[in-house]
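A structural walkthrough
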Amino acid sequence: MDFNMKKLASDAGVFFTRAVQFTEEKLGQAEKTELDAHFENLLARADSTKNWTEKIQRQTEVLLQPNPSTRVEEFLYEKLDRKVPSRVTNGELLAQYMIEAANDFGPTSPYGKTLIKVGETERRLGGAERDFIHSASINFLTPLRNFLEGDWRTISKERRILQNRRLDLDACKARLKKAKAAEAKAAAEHELRMAQTEFDRQAEVTRLLLEGISSTHVNHLRCLHEFAEAQTTYYAQCYQYMLDLQKQLGNSRGEMLPGTFVGNAESVSPPPDNASPTVAAAAASVAGPAVPTIPVVPTAVGAPGSAPAVEALNASDVKPPASGTRKARVLYDYEAADSSELSLLSDEMIMVYSLPGMDPDWLVGERGNQKGKVPVTYLELLS
């Protein structure tokens, strides 16, 4: 007990001395040992690395899990060293609702069939999202957390020790200046040498840790590449899934939604080059009010007297109608798939018209002596 009391008193004395030294330095009443410029640069670089790593980590967590309540719950599970319960993604939940609705409405009905197709795509999108979150968490978030909770804590601890060693060193310097008697000076010089040795040793340890920040940057760079690769794979999968869905809907829409063509207004963004005109028309119609329509006479396939669909157009075979011809501005480049179609260049002006029995998603376009089918979703019809 006596030994513990002495140690406690000694520790209290050291703490008091450091507090006095620190206060006098802040008040400008005591000198302070300055670190060299290289050491200060290492400290600044380490602080910057810590601050930006924290910000990147927090925002990545928000990206992977936008729900703050769920993030807090996952954080608690992690701190309690318990497995986070498996959750369905929003896409998977939407897929479940769509498929259940299709079964309720009738899976063989046009609406039910489409719900099933879209639901299956949403399920695949949700699975891709789950894989991306898992990969990003392991390959990117975990290394950032390990740095903040491991290496940075060690660096912070050694920096605090270095700060205490510096305060002890400067306190010894102050005592040496105040010593008058030879015996007191000798004791102060001995304490100063001991304090200088401890300070130099701790400065070297801290410097080595700070220089290790360069290795941290190299490691985080590798993790960043893996994060970008995972995100690239995720979006590539999503794009492919949506292309597949677009083709399915484009193939089935003509059977489910017969009707007349409605001209499109300005589109917000161009559809993909391989997008079906039917699906792209649905996206383009959201941009604004419809342009006045060109009447199309629907004719049942195979009915007596029905006009055949326009398969191959030649200048000598097709004559424009007496009325219904109008100008159109091309919104996006389009490459003809065969000789029956007309290639388009963005912003050029062409003449268009419809023919009886023609697919409502297509028009006949004329540019000089050239004629061919053109998709209506690539045009802005002018009055």
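This section reports on the structure supplied with the text.

So, the nonpolar core
A general trend in soluble globular proteins is that nonpolar side chains are found buried together. In this structure, Ala328, Leu344, Ile350, Val352, Leu363, Val374 and Leu379 are the most contacted members of the largest nonpolar core, which totals 20 residues. Mapped by element, the contributors of at least two residues to this core are β1 (326-330), β2 (349-353), β3 (362-367) and β5 (379-381). When residues no more than four places from it in sequence are discounted, the contact partners of Ala328 are Glu348, Met349, Ile350, Val352, Leu379, Glu380, Leu381 and Leu382. Counting 17 residues, the second-largest nonpolar core is a separate cluster that includes Leu43, Cys172, Leu192 and Ala203.

A few points about the packing of aromatic side chains
Counted by the stated rule, this structure contains 9 aromatic pairs. Between Phe140 and Phe227 the ring centres are 4.7 Å apart and the planes differ by 20 degrees, which places this aromatic pair in the stacked class. Taken together, the residues span a long stretch of sequence, with Phe140 in helix α5 (residues 110-178) and Phe227 in helix α7 (residues 213-256) at a distance of 87 residues. When its relative accessible area of 11% is taken as the criterion, Phe227 is described as buried. Centre to centre, the rings of Tyr334 and Trp362 are 6.5 Å apart; their planes meet at 70 degrees, and the pair counts as edge-to-face. Placement of the pair is Tyr334 in the loop between β1 and β2 and Trp362 in strand β3, with a sequence separation of 28 residues. By the burial criterion, Tyr334 is buried, and Trp362 matches it. Taken together, the ring pairs in this structure connect Phe132, Phe140, Phe227, Tyr234 and Tyr235 into an aromatic cluster.

Section: helix α6 (residues 182-211)
For α6, which comprises 30 residues, the first-to-last C-alpha distance of 43 Å matches the rise-based estimate of 44 Å (1.5 Å per residue) to within 8%. Taken as a whole, α6 has its buried residues at Ala188, Leu192, Ala195, Phe199, Gln202, Ala203, Thr206 and Leu210.

Section: the pattern of salt bridges
Using the criterion set out here, one finds 17 salt bridges in the structure. A salt bridge links Arg159 to Asp47, with the nearest nitrogen and oxygen atoms 2.7 Å apart. Here Arg159, found in helix α5, pairs with Asp47, found in helix α2 (residues 37-64); they are 112 residues apart in sequence, far enough to count as distant. For Arg159, a relative accessible area of 23% gives the class partly exposed. Residues Glu204 and Arg207 are paired through a salt bridge, measuring 2.3 Å at the closest nitrogen-oxygen approach. Here Glu204 and its partner Arg207 are both found in helix α6, 3 residues apart, which amounts to about one turn of the helix. Judged by its relative accessible area of 36%, Glu204 falls in the partly exposed class. Taking the relative accessible area as the measure of exposure, Arg207 reaches 21% and is therefore partly exposed.

Overview of the sheet that holds β2
Within a sheet, adjacent strands bond to each other through the backbone by hydrogen bonds, running parallel or antiparallel. Ordered in space as β4-β3-β2-β1-β5, the 5 strands form an open sheet in which the pairing is antiparallel. The sheet is open, and its two edges are formed by β4 (370-375) and β5, each paired on a single side. Strand-to-strand twist in this sheet, taken as the mean axis angle between neighbours without regard to direction, amounts to 40 degrees. With 3 bridges connecting them, β1 and β5 associate as antiparallel partners. Its bridge partner lying in β5, Ala328 is registered against Leu381.

Observations concerning helix α4 (residues 90-105)
Across its 16 residues, α4 extends 22 Å between first and last C-alpha, which sits within 8% of the 22 Å expected from 1.5 Å per residue. Residues of α4 that are buried: Gly91, Glu92, Ala95, Met98 and Ala102. Summarising the axial view, the buried residues of α4 lie within an arc of 120 degrees, below the 170-degree limit, and thus occupy one face. Exposed side chains of α4 directed beyond 90 degrees from the buried face belong to Asn90 and Asp104. Looking at the buried positions of α4, the neighbouring elements they touch are α5. Note on α4: the residue one or two positions beyond its end, Gly106, has a positive phi of about 115 degrees.

Comments concerning the pairing of β4
Across the 6 residues of β4, 5 count as buried, placing the element largely inside the fold. Relative to β4, β3 is paired through 6 bridges, and the arrangement is antiparallel. In the strand pairing of β4, Gly365 is matched with Gly372. Hairpin connection between β3 and β4: a loop of 2 residues separates the two successive antiparallel strands, and Gly368 in this loop has a positive phi of roughly 65 degrees.

Thresholds, definitions, all that
- Residues numbered from 1 in each chain as written.
- Predicted model: local features only at pLDDT ≥ 70, side-chain atom pairs only at ≥ 80, totals over all residues.
- Heavy atoms only, no water.
- Core = buried A, V, L, I, M, F, W, Y, C linked by side-chain atoms within 4.5 Å.
- Buried < 20%, exposed > 50% of the residue type's maximum accessible area, 1.4 Å probe, protein only.
- Helix = DSSP H or I, 4+ residues; strand = E, 2+ residues; numbered from the N terminus.
- Contact = heavy atoms within 4.5 Å.
- Phe/Tyr/Trp six-rings, centres within 6.5 Å; stacked < 30°, edge-to-face > 60°.
- Expected span 1.5 Å × (residues − 1).
- Salt bridge = Lys/Arg side-chain N within 4 Å of Asp/Glu carboxyl O.
- Pairing = 2+ DSSP bridges.
- Axes fitted to C-alpha atoms, helices over the stretch in contact; angles between N-to-C directions.
- Arc of directions from axis to C-beta.

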